[in-house]
Amino acid sequence: MAFPDRFDGLPAAPRCEGVYKVTGDTRGNNVAIDVLGVTKVFGAADSGFRALDKVSASIRQNEFFTLLGPSGCGKTTLLRLIAGFEFPTEGRILLDGEDIAALPPFRRPVNTVFQSYALFPHLTVAKNISFGLEMLGWPATKIASTVERMLALVKMEPMADRLTDQISGGQQQRVALARALAPNPRVLLLDEPLSALDFKLRKEMQIELKRLQGETGITFVFVTHDQEEALTMSDRIAVMSAGRILQVGSPREIYDRPTERFVADFIGETNFLEGEAKVAGDRLLEVRLDAGATVKATAPDAALHAGRTTVAVRPEHADLVPGDGPADLTGVLKNIVYFGTDTHFHMTLDNGVPFIVRQQNTPGEGSGFSIGEQVGVRLHADAAQALKD
Amino acid sequence: MQPHEVEQAAIRRGTMRRWLLSAPALVIIFLASFGPLFVMLAFSVLEKGDYGGVKPWTFSFDGWANVFFQHDIFTGELGFADAHLSIFWRSVRLSIITTALTLVLGFPTAYFIATRPRKTREIWVFLVTIPFWTNLLIRTFAMQEVIRNEGVINTVAMRLGMISEPIQIMYTDWAVLFGMTYVYLPLMVLPLYASMEKLDFRLVEAAYDLYANRFKVLRRIILPLTKPGIIAGSILVFIPSLGAYVTPRVLGGGKNMMLGNLIGLQFGKGNNWPLGAAISITLMVVVMVALLVYVRATARAGGDDRGR
Ligand SMILES: Nc1ncnc2c1ncn2[C@@H]1O[C@H](COP(=O)(O)OP(=O)(O)OP(=O)(O)O)[C@@H](O)[C@H]1O
Ligand SMILES: [Mg+2]
């Protein structure tokens with residue numbers, strides 16, 4: 001049996017009998033979805049629009065995996081390929097090691113929470129949730145108890161008999177979630193499910209989603225273009241741009257160790273410094289910055305960066321010091337922006353490049369620096385990260 | 001005056017003005033719809049004139065009696081008007097089948113159009129409406145050209161050796177059915193398309209995603225959501241089918257009469273205007289009752305869908 005049942009022997013998802021080639025999965029057997037070199041071209045294969053370009057990713061079981069990227073970068077397209085609404089022009093998608101190319105959406109143990117929710121307007125909340133279960137042919141008693149459980153899970157019991165246009169946007173979102181979770185799919189795909197909600201509800205739903213994922217043990221593939229949402233919720237993030245996955249990693253890796261300029265720029269604020277790099281180890285470079293200092297910078301593959309290179313330094317990975325003391329970089333303070341928890345110091349380095357330092361605020365008087373003053377910057381150890389352009 | 005009296009006076013004035021403003025519309029509605037109805041009703045209870053028309057101020061219920069009963073020509077016994085009843089039954093039967101056929105043909109057509117890109121949709125809708133540009137009589141004769149013994153179908157089929165003798169289609173119920181289906185198909189397609197165009201096809205995807213195969217998506221999602229179009233289309237096809245005149249006349253010939261022809265006959269060669277008027281009113285009542293029952297039934301079915 002291809003997909004094990006998780007509801008006491010009831011079909012949790014359609015059976016997928018047939019020929020399956022068990023692929024040699026070298027990454028271990030805890031991979032839920034393997035996207036292997038997938039390309040999607042809309043229109044003619046040679047002249048059409050390349051929405052995805054040789055995308056590869058391994059999404060682990062019970063992982064909260066986020067696709068993060070700007071509008072139009074292909075996030076929805078990748079989800080639709082996994083759900084089965086579109087077919088890859090090239091490449092393969094494996095679910096639990098089995099190629100699902102031949103399976104239509106209604107045979108894939110994958111459910112989607114659509115960006116528009118797509119609730120059935122002619123059915124009640126409860127009937128929406130039971131729809132998938134009825135289609136799977138579950139017995140009525142099992143359906144009833146599952147619907148009860150799902151309604152409780154998303155706290156919608158009092159509204160079970162309402163039509164879907166008689167509930168609020170946030171409630172609709174919860175129903176959409178319950179409807180997709182009810183059949184207990186192997187993988188849940190969520191396409192910007194929180195984007196229509198106001199700030200407060202959004203925060204609540206973020207916590208709710210994490211709780212649901214923990215309780216159900218289902219693999220979540222979550223799409224967003226909100227970097228903060230991605231950082232706070234994900235186990236791993238794939239940053240996408242123009243149909244490609246640029247970097248996959250934990251929120252910490254993505255934030256602290258971006259490998260590409262786009263990633264560093266898209267997530268949080270970053271200073272970019274140019275310099276001349278020499279290989280100083282396997283993953284270590286010695287970079288003589290144009291702005292003066294020589295710093296150690298890390299990179300996944302140091303050899304790649306020898307010669308001209310760009311390094312990224314997060315504003316909070318540097319300290320502002322008086323201009324007359326020892327410093328890595330020096331320049332003029334141009335602006336001071338107070339943010340409550342911290343203060344941003346905008347300066348122009350001696351070679352004319354802008355640089356921002358973020359300093360935690362402490363109780364007491366101000367920072368002691370004033371605009372126009374000559375100041376210095378000390379970089380933290382490990383602050384510099386070499387980037388691919 | 002007390003404040004509330006002032007208010008009431010103002011409301012009275014407003015009501016008055018509303019009535020005056022809508023008076024022209026009301027007059028037209030009364031004259032145009034109730035006027036002819038009243039004339040029909042009056043004619044149905046007058047005695048028939050010797051050479052058509054009615055004798056004014058001579059009341060008689062013969063017209064109504066003749067709808068359902070007739071004197072046997074030979075014995076003079078009073079019996080059911082079998083001919084009328086069989087024509088009535090044939091009309092209802094052919095109209096139901098026509099409605100079903102146009103639905104079966106129109107549904108995929110409307111679905112096809114609704115799933116085209118927006119630009120091309122308009123072209124398809126335009127194509128569907130083209131037959132309306134031609135007079136019904138001419139379209140019906142064109143149909144005759146297709147199905148008659150020396151017509152397109154028979155000629156081609158014989159050339160291809162599929163048949164050796166022409167198939168007699170003209171002057172059968174089949175011919176009437178073909179003709180009516182052809183003529184009324186656009187009336188089914190257009191309301192169906194209107195409701196399908198409003199259908200959110202993301203719902204179809206959502207249903208696919210939730211393990212519904214194509215057939216179940218059709219039954220559980222598309223049909224319920226396009227029900228208003230199905231009802232509207234069925235009404236638009238069924239009612240004119242029931243009273244159809246030209247198509248059964250041309251394609252069905254003299255012996256395959258439908259109600260429309262029976263009524264026409266009474267006002268023409270039959271010289272029995274009261275009977276014609278009575279049958280017309282009967283037809284109208286039947287249609288209204290059928291509509292009521294249908295709408296009630298579908299409304300209840302819709303209510304069931306919403307329950308748990
Ligand atoms: N059916 C289609 N035909 C042609 N081009 C398409 C089609 N679907 C998507 N595209 C294009 O593919 C690109 C990626 O689209 P996609 O919907 O995956 O973006 P996205 O990352 O989900 O963006 P957003 O954050 O705005 O939802 C876009 O440029 C889009 O115009
Ligand atoms: Mg999208």
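Residues numbered from 1 in each chain as written. Chains lettered and ligands numbered in written order. Predicted model: local features only at pLDDT ≥ 70, side-chain atom pairs only at ≥ 80, totals over all residues. Heavy atoms only, no water.

What follows is about the overall build of chain A. Tallying secondary structure elements over chain A gives eight helices and 20 strands in all. For chain A, buried positions account for 52% of its 389 residues. At a minimum sequence separation of 6, the contacts of chain A that also span at least 24 residues come to 66%. Accessible surface, chain A: about 16800 Å² in total, of which carbon and sulfur atoms supply 52%. Separation of charge centres in chain A, based on 41 positive and 49 negative side chains, amounts to 4 Å. (Helix = DSSP H or I, 4+ residues; strand = E, 2+ residues; numbered from the N terminus. Buried < 20%, exposed > 50% of the residue type's maximum accessible area, 1.4 Å probe, protein only. Contact = heavy atoms within 4.5 Å. Areas by Shrake-Rupley, 256 points an atom, 1.4 Å probe, with all protein chains shown as cover. Lys, Arg positive; Asp, Glu negative; His and termini not counted. Charge placed at Lys NZ, Arg CZ, Asp CG, Glu CD.)

Across its full length, chain B carries 13 helices and four strands. Scaling as 2.2 N^0.38, a compact globule of 308 residues should have a C-alpha radius of gyration of about 19 Å, whereas chain B reaches 25 Å, well beyond that. For chain B, the spread of C-alpha atoms along the principal axes amounts to about 95 × 70 × 40 Å. Per-residue burial over chain B gives 36% buried out of 308 residues. Taking the intrachain contacts of chain B between residues at least 6 apart in sequence as the baseline, contacts between residues at least 24 apart amount to 64%. Within the structure as shown, chain B displays about 18500 Å² of accessible surface, and the carbon and sulfur contribution to it stands at 70%. Here chain B contributes 29 positive and 19 negative side-chain charges, whose respective centroids are spaced 9 Å apart. (Rg over C-alpha atoms; globule rule 2.2 N^0.38 Å.)

This part is about the UniProt feature "transmembrane region" (unreviewed entry) in chain B. Taken from the UniProt record, the annotation "transmembrane region" (unreviewed entry) applies to residues 20-46, 94-114, 123-142, 174-194 and 275-295 of chain B. Counted over residues 20-46 of chain B, helix gives 93% and strand 4%. Its end C-alpha atoms are 36 Å apart. (UniProt positions renumbered as here; feature names shortened; annotations may be inferred.)

What follows concerns the packing of helix 7 (residues 173-197) of chain B against helix 10 (residues 227-242) of chain B. To characterise two packed helices, one gives the angle between the axes of the helices and the distance between these axes. All names here are of chain B. At a closest axis distance of 7 Å, the pairing of helix 7 and helix 10 adopts a crossing angle of 160°. By the angle between their axes, helix 7 is roughly antiparallel relative to helix 10. Judged by the sense of rotation from one axis to the other, the crossing of helix 7 with helix 10 is right-handed. Contact with helix 7, carried on its side by Met180, Tyr184, Leu187, Met188, Pro191, Leu192 and Ser195, involves Gly229, Ile230, Ala232, Gly233, Ser234, Leu236, Val237, Pro240 and Ser241 of helix 10 and no other residues of that element. When the residues that make up the contact of helix 7 with helix 10 are grouped by side-chain class, the tally is 11 nonpolar, five polar and no charged. (Axes fitted to C-alpha atoms, helices over the stretch in contact; angles between N-to-C directions. Parallel < 35°, antiparallel > 145°, perpendicular 65-115°, else oblique. Left-handed = near helix turned anticlockwise from the far one by under 90°. Nonpolar A, V, L, I, M, F, W, Y, C, P; charged D, E, K, R; others polar.)

Turning our attention to the packing of aromatic side chains. All names here are of chain A. For the structure shown, the criterion picks out 13 aromatic pairs over all chains. Between the aromatic rings of phenylalanine 85 and phenylalanine 114, the centroid separation amounts to 6.0 Å while the plane-to-plane angle is 35°, which identifies the pairing as tilted. Taken together, the residues phenylalanine 85 in the loop between helix 1 (75-83) and strand 4 (90-95) and phenylalanine 114 in the loop between strand 6 (110-113) and helix 2 (125-135) connect sequence positions 29 residues apart. Pairwise contacts between aromatic rings join Phe64, Phe220 and Phe222 into one cluster. Against the face of phenylalanine 272 rests arginine 261, its NZ or CZ located 4.1 Å from the ring centre. When the ring centre of tyrosine 255 is taken as origin, the NZ or CZ atom of arginine 314, which lies over that ring, is 4.0 Å away. (Phe/Tyr/Trp six-rings, centres within 6.5 Å; stacked < 30°, edge-to-face > 60°. Lys NZ or Arg CZ within 6 Å of the ring centre and 35° of its normal.)

All names here are of chain A. Residues in contact with ligand 1, as listed here, are Phe42, Phe49, Ala51, Ser71, Gly72, Cys73, Gly74, Lys75, Thr76, Thr77, Glu192 and His225. Within the backbone of glycine 72, a nitrogen or oxygen atom sits 2.7 Å from an oxygen atom of ligand 1. Protein chains bury 62% of the 640 Å² of accessible surface belonging to ligand 1 in isolation. Broken down by secondary-structure element, the contributors of at least two residues to the shell around ligand 1 are strand 2 (49-60) and helix 1. Top contributing element to the shell around ligand 1 by residue count: helix 1, with three residues. (Near = heavy atom within 4 Å. Polar contact = N/O pair within 3.5 Å; in protein donor to acceptor, adjacent residues only side chain to side chain.)

Residue and element names in this part refer to chain A. With mixed pairing, six strands are arranged side by side in an open sheet as 6-7-8-3-9-10. With partners counted over all chains shown, the strands left at the sheet margins are strand 6 and strand 10 (244-249), one partner each. Strand-to-strand twist across the sheet, computed as the mean angle between neighbouring axes with direction ignored, equals 20°. Across five bridges, the pairing between strand 9 (residues 236-241) and strand 10 is antiparallel. Residue pairing for strand 10: methionine 240 is matched across the bridge by isoleucine 245. Those strands touched by helix 4 (residues 169-181) are strand 6, strand 7 (187-191) and strand 8 (219-224), and its axis lies near 175° from that of strand 6. (Pairing = 2+ DSSP bridges.)

Here we take up the environment of B:Ala244. Residues and elements named next belong to chain B. Structurally, the position occupied by alanine 244 is in the loop between helix 10 and helix 11 (246-252). Remark: the alpha-carbon pair of alanine 244 and proline 131, spanning 113 residues in sequence, is separated by 17 Å. If sequence neighbours within four positions are ignored, alanine 244 has contacts with Met180, Tyr184, Met258, Gly260 and Asn261.

We now examine the sheet that holds strand 11 (residues 271-279) of chain A. Strands sit in the order 11-12-13-20-14 (chain A) around a closed barrel of five strands; the barrel is mixed. On average, each strand axis in the sheet is inclined to that of its neighbour by 50°, with strand direction left out of account.

Time to look at the UniProt feature "domain: ABC transmembrane type-1" (unreviewed entry) in chain B. The UniProt entry lists residues 88-294 of chain B under the feature "domain: ABC transmembrane type-1" (unreviewed entry), expressed in the numbering used here. With 77% helix and 0% strand, residues 88-294 of chain B has its two end C-alpha atoms placed 19 Å apart.

Turning to a nonpolar patch on the surface, a few remarks are in order. Residue and element names in this part refer to chain B. Together, Phe112, Ile123, Trp124, Phe126, Leu127, Ile130, Phe132 and Trp133 make up an exposed nonpolar region whose accessible area comes to about 780 Å². The greatest single-element share of the nonpolar patch, amounting to four residues, is contributed by helix 4 (residues 118-129). Following the sequence through the fold, tryptophan 124 ends up in helix 4. (Patch = residues over 30% accessible without salt bridge, like charges linked within 9 Å, V, L, I, M, F, W, Y side chains within 5 Å. Salt bridge = Lys/Arg side-chain N within 4 Å of Asp/Glu carboxyl O.)

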